Amino acid sequence: MTSGYPRPNAEHAVTVQAALAWAQQQGVTRLEAQVLLLHSAGHDLHDRAWLLSHGPDTLAAPVHLNFQTLVARRVAHEPVAYITGQKEFFGLPLLVDARVLDPRADTEVLVEWALSCLADVPDPHVVDLGTGSGAIALALKHSRPQADVWAVDLSADALVVAQANAQRLALPITWRQGSWCTALGDAQFDAIVSNPPYVADCDPHLQTLRHEPLSALAAGPDGLDDIRQIAQQAGSNLRPGGWLLLEHGFDQALAVHDVLLNAGFEQVQSRPDLAGILRCSGGRWPTMK
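Residues numbered from 1 in each chain as written. Predicted model: local features only at pLDDT ≥ 70, side-chain atom pairs only at ≥ 80, totals over all residues. Heavy atoms only, no water.

### Examining helix 2 (residues 30-40)
Phase 1: By the criterion of burial, helix 2 is predominantly enclosed, with 8 of the 11 residues buried.
Phase 2: For helix 2, every residue scored as buried is listed here: Glu32, Ala33, Gln34, Val35, Leu36, Leu37, Leu38 and Ser40.
Phase 3: For helix 2, the secondary structure elements touched by its buried residues are helix 1 (16-25), helix 3 (48-53), helix 4 (61-75) and helix 5 (80-84). (Buried < 20%, exposed > 50% of the residue type's maximum accessible area, 1.4 Å probe, protein only. Helix = DSSP H or I, 4+ residues; strand = E, 2+ residues; numbered from the N terminus. Contact = heavy atoms within 4.5 Å.)

Here you go:
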């Protein structure tokens, strides 16, 4: 519990409005407080109408106790997605837990970019490296049902989560366990997409991300170790003119450009995230080498 955090008790009556206000005083955002309260009350996480219509109502004691506990977990930096066990990504409801990275909305930019690169390819072959929950691969398959979508992860636990999501969503994916492109064999793709680890090992922000798998976050002294590996390997699995698209840190675009150019990619460029920060970079494998 944080300092000043009230000890849960079943006798203290509180309204929906008051509970939400109290949660924000603890440092939880308004949206997070709403999601946690809806989850505590057993409602759909998008049912904001229930919160509005029941604002003056008193919460049942078990709901109030549960809500306090969930807020405490969030104040301790546990992702809301882990607390509720679910996260929406590109319009798809995903089940997530501590075995996989919490999917971020900014990663949807990577999906949109991949879809635009593949727009003129009739039956594209695309692979998501480091798939985690399966978010990118499943979003691509849902958007392009005729695409042959593969997904790779080194973690067997992550693949269990991703495969469960694919089964729930009835989206067929080809799964491979292994390290980056080494898991692909001789397969050829029109696009390789990845949200790899890109945080420097010494980055102080890792402390606030301690609930998420470190192997999906940290990547060497400058955070680019995995991006370098992928860039060096990708050419062997890209068709001529195929794209490699990577998510990276807020200040890494120029460094990733250099990595891609040094690996032989052309048309190297970046895309901004929802805040206008260059968050994704990619390049095209030459049509002739």
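Next comes the rest of the description.
### Describing the packing of helix 9 (residues 225-234) against helix 10 (residues 253-262)
Phase 1: One way to put it is that helix 9 packs onto helix 10 with a least axis distance of 9 Å and a crossing angle of 30°. Classified by the angle their axes make, helix 9 and helix 10 are roughly parallel. Considering the relative orientation of helix 9 and helix 10, their crossing is right-handed. The residues of helix 10 that touch helix 9, namely those facing Ile227, Arg228 and Ala231, are Val256, Val259 and Leu260.
Phase 2: The residue makeup of the contact of helix 9 with helix 10, split by class, is 5 nonpolar, no polar and 1 charged. (Axes fitted to C-alpha atoms, helices over the stretch in contact; angles between N-to-C directions. Parallel < 35°, antiparallel > 145°, perpendicular 65-115°, else oblique. Left-handed = near helix turned anticlockwise from the far one by under 90°. Nonpolar A, V, L, I, M, F, W, Y, C, P; charged D, E, K, R; others polar.)

### A word on the sheet that holds strand 3 (residues 125-129)
Phase 1: Strand order across the open sheet formed by 7 strands is 5-4-3-6-7-9-8, with mixed pairing between neighbours. Looking along the sheet, the strands with just one partner apiece sit at the ends: strand 5 (174-177) and strand 8 (266-272). Neighbour to neighbour, the strand axes of the sheet diverge by 15° on average, direction disregarded.
Phase 2: Looking at chain direction, strand 7 (residues 238-247) and strand 9 (residues 278-284) are connected through 5 bridges and run antiparallel. Counterpart to Leu246 in the pairing with strand 9 is Ser281.
Phase 3: In the packing of helix 10 onto the sheet, contacts are made with strand 7, strand 8 and strand 9, and the angle to strand 9 comes to roughly 15°. (Pairing = 2+ DSSP bridges.)

### Remarks on the side chain of Ser281
Phase 1: Secondary-structure assignment places Ser281 in strand 9.
Phase 2: For Ser281, a relative accessible area of 0% translates into the label buried.
Phase 3: At 2.6 Å, the side chain of Ser281 forms a polar contact with the side chain of Ser270.
Phase 4: When near neighbours in sequence (up to four residues on either side) are disregarded, Ser281 contacts Trp113, Leu244, Leu245, Leu246, His248, Ala253, Val256, His257, Leu260, Gln269 and Ser270. (Polar contact = N/O pair within 3.5 Å; in protein donor to acceptor, adjacent residues only side chain to side chain.)

### Concerning the pattern of salt bridges
Phase 1: Taken as a whole, this structure holds 8 salt bridges when the rule is applied.
Phase 2: Residue Arg228 is joined to Asp225 by a salt bridge in which the shortest nitrogen-to-oxygen separation is 3.3 Å. Taken together, the residues span about one helical turn, with Arg228 and Asp225 both in helix 9 at a distance of 3 residues.
Phase 3: For Asp225, a relative accessible area of 33% gives the class partly exposed.
Phase 4: In the salt-bridge network here, residues are joined through shared partners; they are Asp222, Asp225 and Arg228. (Salt bridge = Lys/Arg side-chain N within 4 Å of Asp/Glu carboxyl O.)

### Thoughts on the environment of Phe89
Phase 1: With respect to the secondary-structure elements, Phe89 resides in strand 1 (residues 86-89).
Phase 2: The exposure class assigned to Phe89 is buried, which follows from its relative accessible area of 1%.
Phase 3: Separated by 18 residues in sequence, Phe89 and Thr107 place their C-alpha atoms 8.8 Å apart.
Phase 4: In contact with Phe89, not counting residues within four places along its chain, are Leu94, Pro103, Arg104, Thr107, Glu108, Val111, Ala135, Ile136 and Ala139.

This is a description of form; function is not addressed.
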